[in-house]
Amino acid sequence: MSPTPILIDCDPGHDDAIALLLALASPEVELLGVTSVAGNQTLDKTTANAIRVLEFAGHPDVPVAAGADRPLVREQFVAAYVHGETGLDGPDLPPPQKQPVAQHAVDFLAEKIRASERPLTLIPTGPLTNVALLLALHPDARPERIVLMGGAIAEGNVTPAAEFNIWCDPEAAARVFASDIDVTMIGLDVTHKALFTQAHIGRLTGRVGEMVTELLRFYDTFHRTVYNFDGSPIHDALAVAHVLNPDLVDTLERNVEIDTESELCRGRTVVDLWQRTDREPNAHVGVEVDSDGFLELLVERINSFE
Ligand code: RIB
Ligand code: CA
């Protein structure tokens, strides 16, 4: 079976970096390009980090295009408290050798979508600013499917009510969920059930395995401090894993609306889980995860790098 063409729109970020590695190591997909967005860190840092990870993994050929340096409406907010000042604190990754392509990420995404001979899946793992701009500026260039990491049926992580990617740019998220595109939401309800623990880290091998170990040594501190977790959720990698093997996450077709009005619940993904309204379903929402299946796949694919 031919690999599924994918594009990843990301804000590296520790888990974004691991998501990129998983995509690179997986024959089920063909990574046509990467676009960056401000989120975990500023755009210059997330762009450089995407290039650094691709180069470290031996894939300098994968093009990177820089996108939005701030949300559509809201002020920029970076999560240095999770990912550090560089956005990838931990490993001493070499600086990027290449520059991003000259095209803006939104035009790059549109060009790749139009040119793809097979239906293409877009995997956003950061705030959805670039994706909302793509829908507005290039209404003809629609991916067949969007599998995004973001949102939560239950509690949030950046506020009690909202998950970081959606909270950063709720107006962008509202446009994506209203797009009528086949959207899958991989939220905290499933990512927090699949923690990459010290036992998994102990099984990592090779130079990429060592780099991931250094990433997680830093990334784990936040999750141990805040949640008292034994390990970390590799949020963004679960979105990629679901494209590789849809059996890893069980989803329900539900209506998801985004709160863009209140401050208390800014960016909340209001998921009509029990179908209490007559609002039409507009997303496949992740509700259960095969944690062992996902984590074993992640260890295997990280260790597959030469
Ligand atoms: O809430 C988790 C999400 O926010 C992940 O994508 C992480 O990288 C941050 O962007
Ligand atoms: Ca991310």
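Predicted, not measured: the structure shown is a model, and the values here were computed from it.

Caption draft 1: Region of interest: the sheet that holds strand β12 (residues 283–289). Taken in spatial order, the 8 strands of this open sheet run β3-β2-β1-β4-β5-β6-β12-β9, and their pairing is mixed. Of all strands in the sheet, those with a lone pairing partner are β3 (64–66) and β9 (249–254), marking the two edges. For this sheet the average axis-to-axis angle between neighbouring strands, irrespective of direction, equals 25°. Here strand β6 (residues 182–186) pairs with β12 via 2 bridges, running parallel. Within the sheet, the bridge partner assigned to Met-185 lies in β12 and is Val-285. Running at roughly 150° to strand β5 (residues 145–149), helix α11 (residues 235–244) makes contact with β1 (4–10), β2 (29–36), β4 (121–124), β5, β6, β9 and β12 of the sheet.

Caption draft 2: Looking closely at the coordination of the calcium ion (ligand 2). Donor atoms from the polypeptide that coordinate the calcium ion (ligand 2) comprise Asp-11 (OD), Asp-16 (OD), Asp-16 (OD), Thr-125 (O) and Asp-236 (OD), at 2.2 to 2.6 Å from the metal. Going along the chain, you hit the donors of the calcium ion (ligand 2) in the pattern D-x4-D-x108-T-x110-D. Taken as a pair, Asp-11 in the loop between β1 and α1 (14–24) and Asp-236 in helix α11 lie far apart in primary sequence, 225 residues in all. Among the residues examined, Asp-11 registers a relative accessible area of 0% and is labelled buried. Assessed through its relative accessible area of 1%, Asp-236 is described here as buried.

Caption draft 3: Broad picture of the side chain of Asn-282. Along the polypeptide, Asn-282 turns up in the loop between β11 (269–271) and β12. At 3.0 Å, the side chain of Asn-282 and the backbone oxygen of Phe-177 are in polar contact. From its side chain, Asn-282 meets the backbone nitrogen of Val-256 in a polar contact 2.7 Å long. Once residues within four sequence positions are removed from consideration, Asn-282 is found in contact with Phe-177, Val-183, Arg-254, Asn-255, Val-256 and Glu-257.

Caption draft 4: Seen up close, empty space enclosed by the protein. Scanning all chains against the criterion turns up 2 cavities of 30 Å³ or more. Mapped onto the lining of the largest cavity, the elements with two or more residues apiece are α1, α3 (80–83), α6 (164–168), α10 (206–227) and α11. For the lining of the largest cavity, the leading source of residues is α10, giving 4 residues. A per-class count over the lining of the largest cavity returns 10 nonpolar, 7 polar and 5 charged.

Caption draft 5: Quick look at the packing of α1 against α11. In the contact formed by α1 and α11, the axes pass within 6 Å of each other and the chain directions differ by 25°. Comparing their axes, α11 and α1 come out roughly parallel. In the crossing of α1 with α11, the sense of the turn from one axis to the other is right-handed. Contacts between α1 and α11 involve Asp-15, Asp-16, Ile-18, Ala-19, Leu-22 and Ala-23 from the former and His-235, Asp-236, Ala-237, Val-240, Ala-241 and Leu-244 from the latter. Taken together, the residues that form the contact of α1 with α11 break down as 8 nonpolar, 1 polar and 3 charged.

Caption draft 6: Expanded view of helix α7 (residues 170–177). Most of α7 sits inside the fold, with 6 of its 8 residues counted as buried. Pro-170, Glu-171, Ala-172, Ala-173, Val-176 and Phe-177 are the residues of α7 that are buried. Structurally, α7 contributes buried residues whose contacts are with α5 (129–137), β5, α6, β6, β10 (256–258) and β12.

Caption draft 7: Spatial organisation of the packing of aromatic side chains. With the rule as written, the count across this model stands at 6 aromatic pairs. When the centroid spacing of 5.1 Å and the interplanar angle of 80° are considered together, the rings of Phe-77 and Trp-167 count as edge-to-face. Pair noted here: Phe-77 is in the loop between β3 and α3 and Trp-167 is in helix α6, with a separation of 90 residues, a long-range link. Residue classification places Trp-167 among the buried residues on the basis of a relative accessible area of 12%.

Caption draft 8: Structural detail: the site of ligand 1. Looking at ligand 1, the residues that line it are Asp-11, Asp-15, Asp-16, Asn-40, Thr-125, Met-149, Asn-157, Glu-163, Phe-164, Asn-165, His-235 and Asp-236. In this structure, Thr-125 approaches ligand 1 through a main-chain N or O atom, which is 2.9 Å from an oxygen atom. Summarising the interface, the protein chains cover 97% of the accessible area of ligand 1, which totals 270 Å² for the free molecule. Among the detected pockets, ligand 1 sits in the largest cavity. If you list the elements that add at least two residues to the shell around ligand 1, you get α1, α6 and α11. Grouping the amino acids of the shell around ligand 1 by side-chain chemistry returns 2 nonpolar, 5 polar and 5 charged.

Caption draft 9: Region of the structure containing the environment of Pro-91. Relative to the helices and strands, Pro-91 is located in the loop between α3 and α4 (105–115). For Pro-91, a relative accessible area of 8% puts it in the buried group. Residues Pro-91 and Pro-5, 86 residues apart in the sequence, show an inter-C-alpha distance of 30 Å. Ignoring anything within four residues of it in the chain, the contact list for Pro-91 reads Met-211, Glu-214 and Leu-215.

Rules of the game
Residues numbered from 1 in each chain as written. Chains lettered and ligands numbered in written order. Predicted model: local features only at pLDDT ≥ 70, side-chain atom pairs only at ≥ 80, totals over all residues. Heavy atoms only, no water. Pairing = 2+ DSSP bridges. Helix = DSSP H or I, 4+ residues; strand = E, 2+ residues; numbered from the N terminus. Axes fitted to C-alpha atoms, helices over the stretch in contact; angles between N-to-C directions. Contact = heavy atoms within 4.5 Å. Donors = N, O, S within 2.8 Å, 3.2 Å for Na, K, Ca; no water. Buried < 20%, exposed > 50% of the residue type's maximum accessible area, 1.4 Å probe, protein only. Polar contact = N/O pair within 3.5 Å; in protein donor to acceptor, adjacent residues only side chain to side chain. 1 Å grid on protein atoms, 1.4 Å probe; cavity = no way out; pocket = protein on both sides within 12 Å on 5 of 7 lines; lining within 4 Å. Points joined across faces, edges and corners; volume = space filled by probe spheres on them. Nonpolar A, V, L, I, M, F, W, Y, C, P; charged D, E, K, R; others polar. Parallel < 35°, antiparallel > 145°, perpendicular 65-115°, else oblique. Left-handed = near helix turned anticlockwise from the far one by under 90°. Phe/Tyr/Trp six-rings, centres within 6.5 Å; stacked < 30°, edge-to-face > 60°. Near = heavy atom within 4 Å. Areas by Shrake-Rupley, 256 points an atom, 1.4 Å probe, with all protein chains shown as cover. Sits in = over half its atoms within 2 Å of the grid points.

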